[in-house]
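Geometric and topological summary
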Amino acid sequence: MKSRIVFTVFVAIYLLNSGTLFSQIVKILPAPITIPGYSVKSPYVSYDGQNMVFILENKDSSIVVESQRTIDGVWGKPKSITAINKFDTKPFFIEAPSYNQDVTELYFSLLYDIKDSTADIYSSKKIAGKWQKPVKLPKPINTAQFESDPCLSPDGKTLFFVRNFDNPEIKDFQCTVIYSSKFSDSVWSEPKLLPSPVNSGCDGAPRMAADGKTLYMSSIREEGKGGSDLYFAKNITENVWISPIAIDTLNTEKNEMYPSVSSVENTICLETSEKNRRKSLKLAAYANLPNKFSPEKVVILNGIISDKNSSKPLPARVDLIDPNSSTLIYSAFSDAFDGKYSIVLQQEKNYRIDISSAGYSHVIFDYSTEKIKESFSEKRDFTLFNEVVLLLSVFDSEIFEPLKSEVRIYDNDLGNEITLNLNETGKGKYNLILPAGKKYRITASKKRFEPNGFLLDLSGVVQFSEFERDIELTQAKVDFKIGILDSETGEGVDVELEITNLTTNERITKKVKTDADGKVTVSLRDGDRYDISVSPKGYAFFNTVIEPESEGGENFVDLKLQPLKQETKVELSDITFEFNSADLNSSSFPELERLTKLMQINPEMKIEISAHTDDVGAQNYNLKLSTKRAQSVLNYLIDKGMNAKNISSKGYGKSQPKYLPENTEENRSRNRRVEMKILSL
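Since the structure is predicted, the reported quantities are computational estimates derived from the model, not experimental observations. (Residues numbered from 1 in each chain as written. Predicted model: local features only at pLDDT ≥ 70, side-chain atom pairs only at ≥ 80, totals over all residues. Heavy atoms only, no water.)

**Focus: the domain arrangement of the protein chain**
The cut-off we apply is this: In this entry, domain limits derive from an automatic or database-based domain assignment.
Assigned domains within the protein chain: domain 1 (31-293), domain 2 (298-384), domain 3 (387-475), domain 4 (477-561) and domain 5 (569-680). Put simply, the middle of domain 1 and the middle of domain 4, counted by C-alpha atoms, are 93 Å apart.

Here you go:
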C-alpha cells in the first residue's frame, strides 16, 4: 500500500482589485458594508451577530453607522447614527465604537483634533429605538491623556479601554496599553492596567467576548507576523490571565485590528486593509473562528416583553440572579418602544431570571446551562399583567357559613379608601380587580360581627394573576344572665343547661351551678335566637326562646322551675297539629323530646296527656278532636320507648279554657294546647 503524506494548506486567494493575499477562511464583508472609496473602520458585531457598528470614512467625512441583519441573514444598508454624528457643531472624530451586551448602549472615543494626542470616551443610550445625545464618561475614566477603544463586559460592570503608551522599540506606531475600571454604586473605580502577561507588548482594541472571560485584542509583539496581529487572552480568576495567544490563522503581515466575536455564529469580525492605486483603505472582514480560539459557550436569551392585555411593548427589567446565594449578577432592560431584551448566560451555570416592570407582575424562572454543547440564541417572549383578580370569601369563623358583608378596599400606604368595582358572585363571595404596584388593606364588616381584614401586598413580586383570600368574621358575644330558680322557694337550682342556637342549629349542653342569686352567665352570639331548656330531676322541664342583643337588649331571663308534685299541670310549648287533624307537626318534636327526657329522669312518674281546643265549633266535635290529639302525643311517647303503663291520655275539648276571654284570636290560639298532668310520683 502506498503511504500518503497529507498536508493541510491554506489556499490563498488573490483579490484582483487590491492585490492583497488572505487565508481562505477570511472574507471581506460585501456590499452594502463595503462601499467603493470608503474605509470601514473598527467594526464591532454584537454577541448575537445581528447588529454591527463601524466608522464609514472617506476624504470628506467620517461618521458612525450601524447595520442590522435582515430576515434573510444578510447585512442591511448602513444607517448614520445622527444623534452621535451631529451632536456638536465643532468638527470631531469618532473611533472604535462598541455595543453593550444587549445593544442598548454604545461606547466610543472622540477627539476634536485628529492631530491632538488626547481623546475621551463617550457613551450613548438607545431610548424608544433612537440613540440619544452622547455623554462624556466622568473621571477617573477620562483624563488629560488619550483614552480610546472602550468595550463593556457582558454584565456591564467592567469597562476595558486603552491609553497611549510610548514604547521606544516601536517607532512607527503609537502604542497603547489596556486598562479596566469597575462600576459599583454608580461610580467608576480608578482604572488599573491589566496585569502581565496582558500588556506585555503594544496592546489595543480590547473586545470582551460574551462569556465574560475571553478578551480579544490587537497587539504588536516580537513573535507577530508584522504590524498589528490578533490575540486572545482568558481571565482565569480576579487579576489572573493566561498569556495572550496569537490567532495565527488570521494574522498576516498587514494590520489586523478591532476583533469582535459573535458567539452564536462563532465568527470573528475585524478590521483589515487593502491598497489600490491611489490610497490604502480599511475594510471589514470576517471569518469562522477555529474552536481553539473560541470563547466559552453561552446562551443568548432574547425576545419581547409586553403587556398581557394590550400586547403593547413594556419597559422592563431583567435580573440575572445566582439561585444559590440570591446575588444579583447583572440587569438588562427593555424599553416601551419595542419591548426587546437580551441577556447572556454563561455555560455550566444555574440562573434565576426575574422579569419585572413598574406596576406590573413578575415572571421568575430558573435556567440551567450545565448541559449546553454549543452557543445558541433562544427567543422567549414574556407578557406581564398590571391587574390582579381577587376572589374573596367572607364567612362566619365559628360555623363557617358565608356572610353577606360590607367589603372595603384601602391604599395601605396612604390610608385612603379606594373605590373599585366589587362584584358579588354569591352569598359572602366577591371578586374585584386590583391594579398591581400597591399595598392594599381589604376589610369586611357586618352588623353584630367584629370587623376583620388582611393586607395584600401587590407592590413587590407578583407572579399570579389571581388570588383567593378568606376573611373570617367573629360574631360579637353578649353576656346573658339566666336565673334558674325554684318557683316556690326562689332558690337557685343547679341544672344541666341545654342551649340550642336556633339560628345556626348548634346545640350546647353544660352543667351549671348558679351563684348566690340563683343566676348563671353564659356568652351567646349577639342577635341569634336561642332555645334554653332544662330538665332537672324533681322539676318539670322548662324551655324558652331568647334573643341576646348588644344594643338595648335586657339580656337576662328567669327560668322558674316548677317542682314535680301530684296534680301539677305543665303546659307543653309548641305542640301543634295539622288543621282539623290529630297529626303532629314536626315543630312539636323538640318539646316532645324534652317530655321524653323528663320521663327518663323520673321513671316512676305517671302522667296524663291532656289536650284542649278553643271555643270554636261544637263541643262534641272538639271533644273527639282533642281526644285524638292527646292519643297522638301518647303514641309518640310510647314509640320513643316510654312505659305505656305510666301514660294515659284524655281530651277535654273546649271545656277548660285557660286564657280568658276565650273569644280573642290570641287566646283561642293559646287555649289550643296540650298539657302534662302528674298523676303520681
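**Here's the deal with the sheet that holds strand E34 (residues 387-396)**
Selection criterion: Strands qualify as paired when DSSP identifies two bridges or more between them. In this description a helix means any DSSP run of H or I spanning at least four residues, a strand means any run of E spanning at least two, and both kinds are numbered starting from the N terminus.
Spatial ordering of the open sheet is given by E37-E38-E34-E42-E40, a layout of five strands whose pairing is mixed. Looking at the sheet topology across the chains shown, the edges are occupied by strand E37 (422-426) and strand E40 (449-450). As paired strands, E34 and strand E38 (residues 429-435) are joined by seven bridges and run antiparallel to one another. If you follow Glu387 over to E38, its bridge partner there is Pro435.

**Some remarks on the environment of Val389**
Stated formally: Any residue under 20% of the maximum accessible area for its type is buried, any over 50% is exposed, and the rest in between are partly exposed; the area is computed with a 1.4 Å probe on protein chains only. Any pair of residues with heavy atoms lying within 4.5 Å of one another is described as a contacting pair.
Mapped onto the secondary structure, Val389 falls in strand E34. Residue classification places Val389 among the partly exposed residues on the basis of a relative accessible area of 28%. Spatially, the C-alpha atom of Val389 lies 60 Å from that of Lys537, the residues being 148 residues apart in sequence. Excluding its chain neighbours within four sequence positions, the residues that come into contact with Val389 are Leu432, Ile433, Ser465, Glu466 and Phe467.

**Side note on the side chain of Ser148**
Heads up, the condition is: Whenever a nitrogen or oxygen atom comes within 3.5 Å of another N or O atom, the pair is scored as a polar contact, on the condition that within protein one atom can donate a hydrogen and the other can accept it, and that pairs from neighbouring residues in sequence are kept only if both atoms are in side chains.
Of note, Ser148 is situated in strand E13 (residues 147-152). Judged by its relative accessible area of 3%, Ser148 is buried. Side chain to side chain, Ser148 and Asp149 meet in a polar contact 3.0 Å long.

**What about the pattern of salt bridges?**
Where side chains of opposite charge bring their charged atoms close, a pairing between them can arise. Rule in force here: What makes a salt bridge here is a side-chain nitrogen of Lys or Arg within 4 Å of a carboxyl oxygen of Asp or Glu, nothing more.
Tallied over the full model, the rule gives 35 salt bridges. Residue Arg163 pairs with Glu147 through a salt bridge whose shortest N-O separation is 2.9 Å. With Arg163 in strand E14 (residues 158-164) and Glu147 in strand E13, the pair connects residues that are 16 residues apart, well separated along the chain. With a closest N to O distance of 2.9 Å, Glu378 and Arg380 form a salt bridge. Connected via shared salt-bridge partners are Asp396, Glu398, Lys477, Arg525 and Asp528.

**Some thoughts on the state of the cysteines**
One covalent bond between the sulfur atoms of two cysteine residues makes up a disulfide. Here is the rule: Put simply, a disulfide is two cysteine sulfurs that come within 2.5 Å.
All told, the structure shown has one disulfide when counted by the stated rule. Across the disulfide from Cys175 sits Cys202; the S-S distance is 2.2 Å. One quick way to see it: the torsion about the S-S bond of Cys175 and Cys202 is about -130°, and its sign makes the bridge left-handed. On the criterion of sequence distance, the pair formed by Cys175 in the loop between E14 and strand E15 (176-184) and Cys202 in strand E18 (residues 202-208) is long-range, its members being 27 residues apart. Just as Cys175 is buried, Cys202 falls in that class too. There is no disulfide at Cys151, and the cysteine sulfur nearest it, in Cys269, is 13 Å away. A relative accessible area of 0% places Cys151 in the buried class.

**Section: the sheet that holds strand E4 (residues 39-45)**
Neighbouring strands of a sheet are bound in pairs by backbone hydrogen bonds; such pairs are parallel or else antiparallel. One open sheet accounts for four strands, arranged E4-E5-E6-E7; its pairing is antiparallel. Single-partner strands in this sheet number two, and they are E4 and strand E7 (79-80). Pairing of strand E5 (residues 51-57) with strand E6 (residues 62-68) involves seven bridges; the strand directions are antiparallel. Residue pairing for E6: Glu57 is matched across the bridge by Ser62.

**Quick word on the packing of aromatic side chains**
Where we set the bar: Centres within 6.5 Å make a pair out of two Phe, Tyr or Trp rings, where for Trp the six-membered ring is used; the pair is then stacked when the planes are under 30 degrees apart, edge-to-face when over 60, and tilted otherwise. Only when the NZ of Lys or the CZ of Arg is both within 6 Å of the ring centre and within 35 degrees of the ring normal is a charge said to sit over the ring.
Taken as a whole, this structure holds 14 aromatic pairs when the rule is applied. Ring centres of Phe92 and Tyr112 lie 6.2 Å apart, and the angle between their planes is 70°; on these two criteria the pair is classed as edge-to-face. Linking Phe92 in the loop between helix H1 (82-85) and strand E8 (93-99) with Tyr112 in the loop between strand E9 (105-111) and strand E10 (120-127), this pair joins segments that are 20 residues apart in sequence. Judged by relative accessible area, which is 14%, Phe92 ranks as buried. We classify Tyr112 as partly exposed; its relative accessible area is 33%. Note on Tyr99 and Trp131: the rings are 6.4 Å apart at their centroids and 20° apart in plane angle, and the pair reads as stacked. In this pair, Tyr99 is assigned in strand E8 and Trp131 in strand E11 (residues 130-131), connecting sequence segments 32 residues apart. Trp131 carries the same exposure label as Tyr99, and that label is buried. Taken together, the ring pairs connect Phe87, Phe92, Phe108, Tyr112 and Tyr122 into an aromatic cluster. The aromatic ring of Tyr179 is capped on one face by Arg163, whose charged end is 4.9 Å from the ring centroid. Taking NZ or CZ as reference, Arg670 lies 3.9 Å from the ring centre of Tyr659, over its face.

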